[in-house]
Amino acid sequence: MLLSVPSVPGIDWDSFQGVRVIAVPGSQAYARNHGVYLADEQGLVRDIIYKGTQTQIQQCAGPDGTVPLVCGVVFFSSSAAEQLLATHVIPPLDACTYMGLDSGAPPIQISLFFDIVLSMAGGMTEEDFVKGGGDASVRSARSVLWTALRAFPLSMACIPDASYDYLTTAASDHIRSLTLLPSSTSHLRFCKAAHSHVDQPLLLEDGSSVTNCLLEGAVRLAAGSVIQHCHLQGPLEIGPGCLLTGLTVDSSPALQGCPLHDVVLQGHHVRLRDLPCRVFTLTGRLDDWQVRGQRVPGVVLMGSPSTSKGDLWDAETPQKDRCLLSARLFPVLHASEALGLEDVLWLLAPAVSGERLARWRAAWRMSWQELLPCLDKAAELGARRDLFFLQGQHKVQCVLLGRQDGSLLPLIRSAVHEGYHEALLGTLDEVASTADDAGIAARALACIADVLGCMAHGEGGLRSGPAANREWASAFGRLESGDVVGGVRELAAERLKWMSSPALLVRAARHYEGAEQILIRQAVMSSCQFVTVCPVELPPLGHWVQVACPARLDLSGGWSDTPPITYEHGGAVVDVAVLVDGCRPIGARVRRIGEPELRLASLGGTPWGEAAVELVCRELGHLENYCQPHAPGALLKAAFICTQIVQFPSQKSLRDQLMENFGGGFEVHTWSRLPHGSGLGTSSILAGAVMAALYRAAGKVAGTESLIHAVLHLEQRLTTGGGWQDQVGGLVPGIKIGRSEAWLPLRVEVEEILVPEGFARILSDHLLLVYTGKTRLARNLLQDVVRNWYARLPSIVQNADALVNNAEECARALRQGNLPLIGKCLDVYWQQKKCMAPGCEPLAVRRMMDALQPYVYGQCLAGAGGGGFLYVLTKDPQQKETLHQILAKTEGLGYFSIHSIEVDTGGFSVEVVGCDPNSSTHSGEDMAM
């Protein structure tokens, strides 16, 4: 029985007492073979009528002509339940439990509806109820039930628009229940293909059903037909009214060209003592197995007149027992030949060859009645499980190679739980090594990491962690060199050594994520083709090239710019270049020096401060840790390599390279007024500033678009990952939206957002930065986000869509100069960030945001979140002091500071300033990029 309820209406339980039965409306015709309730106007049940006469059924009908069908759901109040339970120790009802049976009482059987529930029906008298019990023991039991339950009212609740489907053993009913069309009166809905891989889904007609199947090639399925637990290869055509189950790929040739309609064709696992075998059965859709005394239907019985009753039944089988259930139709074993599906399909043929008939007669055959006890349920379930994961492997290939957004994580978890991880790992290895681009291969490696992580069953430590063990270096080297096939092969070989414990599995998963990052880098570095550098005159030796950059605020869309999301989904981010406390807080300067060396210095917070970190590189080996983000001077070393001022690796020494190309070395100073982990894009903007200065000092110049893509390249070489929004925000002036399409090569295009005249000043008056006192690097967040994206968690995919949509909405609000709408976009954006990276909102930040909420249109943590700066869009202008007073009174915040910001419409500057960097006299050009 299936009860389908589209929407459960309210049922009043406040005054509920006694027992309540749930009914669903049904037709009077259907009720002739079913049970219905006879209820009065107050909803109290008078009687239960089972397979009643037309007159009895009409008495139960409502105004619309439907009748309340018994559907099997009964609610007992606590007092009624207690009273019923108390009867289990009273003879003869104790004989319904093991307590009575173990005490020697003869067993009795009672009905929930016609013994227990009926005792409370208002139209029943004690005499009629007790006498209707059959034998003496049941009558005695009914007497006990009447005494115990009669006082409880029996009410009925009929759920409108619900439907009732009784599951019979008839094939036609089974097929009908699985192939209901949306226009059907039933509320049951089955998807056309469930847990299946279908090469050509358009060949499945509406009203057909496929479950746990692998259908390769052209398999056409007509409406009203069902295929379950089958692996078939086309071309095949299945007509209407068919049910196919348990057929393997070996059966496909026999089915090709065979007209199938209104038949049930099944493959079974059978065990005859210790002998396992496969048996195929074929019957008609309308055949009734259980009716005895009827002849075998012609749709199943062969059309050849050469067959006789002796072929189907023993002579001693009584005529009344000669039916489809007992007919020995189905070949099981043959003395000399293997049997297959064709040995039952011939039963459909209008004319049969003598050879086929002789083969059928020579086989040892069994009837359905004989087969049923021999069905090997464990083998059948095992075969279905094998097929589920076989089609799952095809699904993996389809999803990955087709760049689909379906999540494979549920399948991965099931495969690990059921012990099919090796087969799945093999499929993922194949996809990674045969994919036609690095993006697909990277996702396949991420899925392998998920498999290994699941195999650890939550033990072995955190998934995020180091991934530079030397045992994996050879495989990583192959991937770095572009040999994906060789790299995947070596990864798989190394993986076998790391499967023996949860800790090793988690470490292996980390290294697969490290391998995935290599391929992401290669995909992102396709953006290098959009970097164009033009030669210009070298600045004089010793003259500084100085670059100053604004910070950036991401108003919406962040995370959609992050690889691989940005080239697999597409991204859009609204950014604003801002001055912080009246100045551009990020900068770099470079000059050529006579010594063939690289001098690297970080000046801390100002261009005129003393060096906090100084480093001198005189050999190429000093640059080899450029890809380790925490190594001293790593960003600057990577910048020298990415601008091709230094070739690394190279047979030439650093000294020779510098002297031959530039007549000496370089000195680089960098600074930032912003705290570490500020969320304002410092590192990427600083990378852009350094590269712009290096290019100019080396006699080259790169436009803004080139620098945006050059920074993408640098951050991949540096292995920090990251997207493009930071450099877009800091290198492109004013208010803009950056976009990238969902393809490779990755290209970022920037559109200026044209705001109403004077609105940039208004926006500046309403924007404030609040330093939260908390810092958090985006790298740890990034690993989790990329992992979740590769798993295609539905929430992450939907959120990626929402991020891009909100960015476009924010751009429209800015064009309108609509501060409240911009604030709304900020609030939505913060919720989206928290969805993308759960845990990015510290408690102190939440307290701060709650305190500021009444005074702002919207607010959001800058960047990835987790700390750094909070930016707020205030309802009134110039609110710095007001907000400071509010936060000063808020408990649990700790240190904070508030800073004014201003939209920077001028863009970053590149200046050749002479030998003294502190001089205000420029000896060269001053150009805005």
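Because the structure is a prediction, the values reported are computed rather than measured. (Residues numbered from 1 in each chain as written. Predicted model: local features only at pLDDT ≥ 70, side-chain atom pairs only at ≥ 80, totals over all residues. Heavy atoms only, no water.)

This paragraph deals with unusual backbone geometry. Following Gly234, the chain continues to Pro235 via a peptide bond in cis, the omega torsion being 10 degrees. Structurally, Pro235 can be placed in the loop between strand E14 (231–233) and strand E15 (236–238). The omega angle of the peptide bond from Phe648 to Pro649 is -5 degrees, so this bond is cis rather than trans. By the secondary structure assignment, Pro649 is in the loop between helix H21 (634–642) and helix H22 (654–662). Positive phi, normally seen in glycine, also occurs at Asp581, with a value near 55 degrees. For Asp581, the position within the fold is in the loop between strand E24 (571–580) and strand E25 (586–593). For Asp581, a relative accessible area of 41% translates into the label partly exposed. A positive phi is found at Thr719, a non-glycine position, where the angle reads about 70 degrees. Within the element layout of this structure, Thr719 appears in the loop between helix H24 (704–718) and helix H25 (725–731). (Helix = DSSP H or I, 4+ residues; strand = E, 2+ residues; numbered from the N terminus. Buried < 20%, exposed > 50% of the residue type's maximum accessible area, 1.4 Å probe, protein only.)

Before going further, it helps to spend a moment on the packing of helix H17 (residues 473–480) against helix H18 (residues 484–495). The contact between H17 and H18 brings their axes to 7 Å, and the two run at 160 degrees. Between H17 and H18, the angle is such that the two are roughly antiparallel. For the crossing formed where H17 meets H18, the hand is left-handed. Two secondary-structure elements touch here, H17 through Ser474, Ala475, Phe476, Arg478 and Leu479 and H18 through Val484, Gly486, Gly487, Val488, Glu490 and Leu491. Its residues assigned to classes, the contact of H17 with H18 shows six nonpolar, three polar and two charged. (Axes fitted to C-alpha atoms, helices over the stretch in contact; angles between N-to-C directions. Parallel < 35°, antiparallel > 145°, perpendicular 65-115°, else oblique. Left-handed = near helix turned anticlockwise from the far one by under 90°. Contact = heavy atoms within 4.5 Å. Nonpolar A, V, L, I, M, F, W, Y, C, P; charged D, E, K, R; others polar.)

Burial analysis of E24 places 10 of its 10 residues in the buried class, which makes it a mostly covered element. Residues Gly571, Val573, Asp575, Ala577 and Leu579 point to one face of E24 and Ala572, Val574, Val576, Val578 and Val580 to the other, with burial holding for every one of them. Note that strand E23 (residues 551–556) and E24 share five bridges and pair antiparallel. Following the sheet pairing, Ser556 is matched in E24 by Val574. Pairing geometry for E24 and strand E30 (residues 735–740), over six bridges, is antiparallel. (Pairing = 2+ DSSP bridges.)

With that settled, the discussion passes to the pattern of salt bridges. A pair can form between side chains of opposite charge whenever their charged atoms are brought close. Throughout the structure, instances matching the rule amount to 47 salt bridges. A salt bridge links Lys320 to Asp321; its shortest N-O distance comes to 3.4 Å. Residue classification places Lys320 among the exposed residues on the basis of a relative accessible area of 56%. Put simply, Glu660 and Lys652 hold a salt bridge, and the shortest N to O gap is 2.6 Å. Each of the salt bridges in this network shares a partner with another, and the network as a whole consists of Arg591, Glu595, Glu597, Arg599, Arg618 and Glu667. (Salt bridge = Lys/Arg side-chain N within 4 Å of Asp/Glu carboxyl O.)

This next bit is on the environment of Val431. Within the fold, Val431 resides in helix H15 (residues 421–434). Linking Val431 and Gly867, residues 436 residues apart in sequence, is a C-alpha distance of 39 Å.

The strand order across the open sheet built from six strands is E8-E10-E13-E16-E17-E18, with neighbouring strands paired in mixed fashion. Where the open sheet ends on each side, the last strands, each with one partner, are strand E8 (193–194) and strand E18 (275–284). Strands in contact with helix H8 (residues 171–178) are strand E10 (209–211), strand E13 (226–228), strand E16 (243–245) and strand E17 (263–272); relative to E13, the strand with the most contacts, it is inclined by about 90 degrees.

Moving on: the UniProt feature "domain: GHMP kinase C-terminal" (unreviewed entry) in the chain. What UniProt calls "domain: GHMP kinase C-terminal" (unreviewed entry) maps, in this numbering, to residues 812–887. Annotated as 54% helix and 16% strand, the span residues 812–887 places its first and last C-alpha atoms 32 Å apart. (UniProt positions renumbered as here; feature names shortened; annotations may be inferred.)

With that settled, the discussion passes to helix H28 (residues 794–816). The first and last C-alpha atoms of H28 sit 33 Å apart over 23 residues, in line with the 33 Å expected at 1.5 Å per residue. Of the positions making up H28, those classed as buried are Ile796, Val797, Asn799, Ala800, Leu803, Val804, Asn806, Ala807, Cys810, Ala811, Ala813 and Leu814. One or two residues past the end of H28 sits Gly817, with phi positive at roughly 70 degrees. (Expected span 1.5 Å × (residues − 1).)

In this section: the confidence of the model for the chain. On average, residues of the chain score 89 in pLDDT, and 93% of them reach the 70 mark or higher. Confidence drops under a pLDDT of 50 for residues 293–305, and excluding neighbours within four residues, the segment shows 37 contacts in the predicted structure. Low confidence marks residues 919–929, where pLDDT is under 50. Its contacts with residues over four positions away, or in another chain, come to 31 contacts. (pLDDT = per-residue confidence, 0-100.)

Before going further, it helps to examine the UniProt feature "domain: GHMP kinase N-terminal" (unreviewed entry) in the chain. The UniProt record annotates "domain: GHMP kinase N-terminal" (unreviewed entry) at residues 657–728. Along residues 657–728 the backbone is 57% helical and 15% strand, and the end-to-end C-alpha distance reaches 32 Å.

Turning next to the sheet that holds strand E9 (residues 197–198). With parallel pairing, three strands are arranged side by side in an open sheet as E9-E11-E14. The sheet is open, and its two borders are formed by E9 and E14, each paired with just one other strand. Contacts from helix H13 (residues 377–401) reach E9, strand E11 (214–216) and E14, with the element oriented near 55 degrees to E11.

Before going further, it helps to spend a moment on the state of the cysteines. For the structure shown, the criterion picks out zero disulfides. Its sulfur unpaired, Cys627 is 11 Å from the next cysteine sulfur, which belongs to Cys642. Exposure remark for Cys627: the relative accessible area of 30% places this residue in the partly exposed category. In this model Cys840 remains outside any disulfide bridge; the closest cysteine sulfur is found in Cys860, 8.5 Å from its own. (Disulfide = S-S within 2.5 Å.)

Before going further, it helps to examine the domain arrangement of the chain. Domain parsing of the chain yields domain 1 (2–165), domain 2 (380–523), domain 3 (530–752) and domain 4 (759–909). Here the C-alpha centroids of domain 1 and domain 2 sit 56 Å apart. (Domains from an automatic or database assignment.)

Formed by 180 residues in total, the largest nonpolar core has its most connected members in Leu445, Leu598, Phe666 and Leu814. Per-element tally for this core: the top contributor is helix H16 (residues 438–455), with 14 residues. Setting aside its immediate chain neighbours within four residues, Phe666 contacts Val590, Arg591, Arg592, Ile593, Glu597, Leu598, Arg599, Phe640, Ile645, Leu658, Ala697 and Ala698. Membership of the second largest hydrophobic core comes to 45 residues, among which are Cys213, Leu232, Leu247 and Trp368. (Core = buried A, V, L, I, M, F, W, Y, C linked by side-chain atoms within 4.5 Å.)

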